[in-house]
Amino acid sequence: MSVDGRRGRRLVADAVSARKRADVVAGLRGLARPARTRVNGAGGAPPSADVEICDLCGVTIAPDHRHLLHLVERRIVCACEACWAMRSGEGDYRPTGNRTLWLPDLELPDEVWAGFGIPIGLAFFMRSTVTECVVAMYPSPAGATESELHFESWSRMTELNPVLGDLEPDIEGLIVNRLSDPPMYAIAPIDRCYALAGAIKATWEGISGGTGVEHAVASFFEELRAEATGVSGS
Ligand SMILES: [Zn+2]
Ligand SMILES: [Zn+2]
């Protein structure tokens, strides 16, 4: 009896912690492909392939679909062409950025980087018009972690790299990968930034992330480089 009680409590505790984990990734919904909603037929039919659906109207969409940003909730929404066209700019929905700019000459001295207080060499930065500050997001075992940057550190960055002055608020991010040698930097649409966070979340193991994360990060940057619509020289 008491054993059952303990077991019951443990199950509840497990369910609660699972729920918390779910909350952490809610903002990344639809971006971590392996964790995508599965549609199973009733009566034990074999599970079908992962499908992508429009988060606004529910129709099935191609894997390569458009995204909208919910400005206030800072959430990426998968959209079909019709919803994307109709809802872009409506209320809090914004189309995500559409350029990927590779920045091989970005200047980011160690002391400026240290000033950001980010514990890992992988992060993205975005200017938020809602909170009127620059936000850094970086991966951790608990999911993507956000921190607001000191204004001086960011203005030092834009002094050194005027290209960052053109970073579109909300819809574009600066992606930084100082785990690689040489480091990689790019301005990318905000849904790509969140996709990186989602890929990391989906592959993270243990405390340090493991080799799954290393591979996910490496292939993300390969794809990003291939997508780049421009390279910013000095
Ligand atoms: Zn739709
Ligand atoms: Zn999507």
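Each value, and the rule that gives it
Residues numbered from 1 in each chain as written. Chains lettered and ligands numbered in written order. Predicted model: local features only at pLDDT ≥ 70, side-chain atom pairs only at ≥ 80, totals over all residues. Heavy atoms only, no water. Donors = N, O, S within 2.8 Å, 3.2 Å for Na, K, Ca; no water. Buried < 20%, exposed > 50% of the residue type's maximum accessible area, 1.4 Å probe, protein only. Tetrahedral: all angles 85-135°; square planar, octahedral: opposite > 155°, others 65-115°. Salt bridge = Lys/Arg side-chain N within 4 Å of Asp/Glu carboxyl O. Helix = DSSP H or I, 4+ residues; strand = E, 2+ residues; numbered from the N terminus.

K.L.:
Tell me about the coordination of the zinc ion (ligand 2), residues and numbers included.
P.N.:
Around the zinc ion (ligand 2), the protein contributes the donor atoms His65 (NE2), His67 (NE2) and Cys78 (SG), at 2.0 to 2.2 Å from the metal centre. For the zinc ion (ligand 2), the donor residues sit on a single chain with the sequence spacing H-x1-H-x10-C. A relative accessible area of 13% means that His65 is categorised as buried.

K.L.:
Could you give an account of the coordination of the zinc ion (ligand 1), with specific residues and numbers?
P.N.:
Note on metal geometry: ideal angles are 109.5 degrees for four donors arranged tetrahedrally and 90 or 180 degrees for six donors arranged octahedrally. Summarising the metal site, the zinc ion (ligand 1) is bound by the protein donors Cys54 (SG), Cys57 (SG), Cys80 (SG) and Cys83 (SG), whose distances to it range over 2.2 to 2.4 Å. Geometry at the zinc ion (ligand 1) is tetrahedral, judged from the four donor atoms that bind it and their angles of 102 to 118° at the metal. Counting the intervening residues between successive donors of the zinc ion (ligand 1) yields the motif C-x2-C-x22-C-x2-C.

K.L.:
An account of the pattern of salt bridges is requested, with residue identities and associated values reported.
P.N.:
The full count for this structure, using the stated rule, is nine salt bridges. The closest approach of N and O atoms between Glu146 and Arg74, which form a salt bridge, is 2.6 Å. Within this pair, whereas Glu146 is found in strand S9 (residues 145–148), its partner Arg74 is found in the loop between strand S3 (66–70) and strand S4 (75–79), the two being separated by 72 residues in sequence. For Glu146, a relative accessible area of 41% corresponds to the partly exposed category. With relative accessibility at 14%, the residue Arg74 sits in the buried group. Among the salt bridges present, the one from Arg99 reaches Glu172, with a minimum N-O distance of 2.7 Å. Of this pair, Arg99 sits in the loop between strand S5 (93–95) and strand S6 (101–102) while Glu172 sits in strand S10 (residues 172–177); the two residues are 73 residues apart in sequence, bridging distant segments of the chain. With a relative accessible area of 24%, Arg99 lands in the partly exposed category. A single salt-bridge network, built from bridges that share partners, covers Arg192, Glu223 and Glu227.

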